[in-house]
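Below are the chains, spelled out letter by letter.
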Amino acid sequence: RLATERLKERVAAALGPGSEIGALNVRWSFVEVVGLSIRSPQGWPADRILQSERVKIVPSLRSLFTDHVRISSIIVDKPYLSILRSGGRLRLIPTLLEKSGQVKQARGGGIVPTPRTVSISEIILRDGIIELFDATVARPPLKLRFERIEAVVRGVDAPDLRERMQFELKGVIKGIHRDGRVKISGWLRSMARDSSTRIVLDSVDLVKIQPYLIRAGEARVSGGTLDLDL
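Residue positions are given per chain, counted from 1 along the sequence in the order it is written. Given that this is a predicted model, residues contribute local features only at a pLDDT of at least 70 and side-chain atom pairs are listed and counted only at 80 or more, while totals for whole chains, interfaces and linings are drawn from all residues. Just so you know, side-chain values use all the structure's heavy atoms and leave hydrogens and water out.

Q: Help me understand the overall build of the protein in this model?
A: Helix and strand counts for the protein stand at two helices and 13 strands. In this description, accessible areas are obtained by the Shrake-Rupley approach with a 1.4 Å probe, and a residue is regarded as covered only by the protein chains that are shown. A total of about 13300 Å² of accessible surface is found on the protein, and carbon and sulfur atoms cover 51% of it. By definition, any uninterrupted DSSP run of H or I lasting at least four residues is a helix, any uninterrupted run of E lasting at least two residues is a strand, and each is numbered from the N terminus.

The structure is reproduced here in structure tokens:
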């Protein structure tokens, strides 16, 4: 019991400030987190940056008690994830991926990186919801809601994010008059702000995405759909 409580504390610490865990079950080869929720930092456009009914984490259990946590897979059932696009960057789970990204000045002038790191081989999202808030096309940020998300992200090395993260995602994009379908794949290297992405849209509501197509005040879209391979 004491070991489980200690493990729960370390998992919560690795997830960052504002994280809440309803229950944590330790099995022989994996850790199950039930009722996971991470509150948003100040200024975030949604109340939560991450929420899920169940998360299955397959770690190197010994590494959880070191400064470098190694995780082979994370499977997230029915997740909710909010993402913010601003200043040319996509920000997701900032309390985990950005909290240790800064370095601090040590005595004597040396640079010392923040000690704790997390390597995740694969993250799988099943039957999820993603809300993308895009501040580059509208103020307040345009909200795009994606449902029935099936996604996988590979090669997450936080907080440095120097290596390429591969990702694949498919789901439904909610519209005003009708719903469409979306497929997104590619890679992202956050520290270099570099990415390569393929986006395929099928019958997406033009009214919902008109800020990407026209400038405010120039025209207005009243109907229609869009197919796109970009």
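Q: When you look at the packing of aromatic side chains in this model, what are you seeing that I'm missing?
A: Aromatic ring pairs are reported here in terms of the distance separating the ring centres and the angle at which the planes meet. Any pair of Phe, Tyr and Trp rings, taking the six-membered ring for Trp, is counted once the centres come within 6.5 Å. Such a pair is stacked with planes under 30 degrees apart, edge-to-face with planes over 60 apart, and tilted for the rest. Enumeration over the complete set of coordinates arrives at zero aromatic pairs. Positioned over the ring face of Phe30 is Lys56, at 4.5 Å from the centre of the ring. Both a distance and an angle decide whether a charge sits over a ring: NZ of Lys or CZ of Arg must be within 6 Å of the ring centre and within 35 degrees of the ring normal.

Q: Where do I start with unusual backbone geometry in this structure?
A: The phi angle of most residues is negative, glycine excepted, and most peptide bonds adopt the trans form. In this structure, Pro140 follows Arg139 across a cis peptide bond, with omega equal to -5°. For Pro140, the location among the structural elements is in the loop between β8 (117–134) and β9 (142–158). A positive phi angle, close to 55°, is found at Ser203, a residue other than glycine. With respect to the element layout, Ser203 can be found in strand β12 (residues 194–205).

Q: Honestly, a positive patch on the surface in this entry has me stumped. Any pointers?
A: Each patch is built from residues lacking any salt bridge and having more than 30% relative accessible area; the joining distance is 9 Å for like charges and 5 Å for nonpolar side chains (Val, Leu, Ile, Met, Phe, Trp, Tyr). By convention in these notes, a salt bridge is any Lys or Arg side-chain nitrogen within 4 Å of a carboxyl oxygen on Asp or Glu. Note on charges: Lys and Arg go in the positive column, Asp and Glu in the negative column, and His and the chain ends are not counted at all. By convention, the point assigned to a charge is CZ for Arg, NZ for Lys, CD for Glu and CG for Asp. The grouping of Arg148, Lys170, Arg181 and Lys183 at the surface amounts to a positive patch. Looking at the element boundaries, Lys183 is found in strand β11 (residues 180–189). Here the term buried applies to any residue with accessible area under 20% of the maximum for its type, exposed to any over 50%, and partly exposed to those in between, with areas from a 1.4 Å probe on protein chains only. The class of Lys183 is exposed, set by a relative accessible area of 52%.

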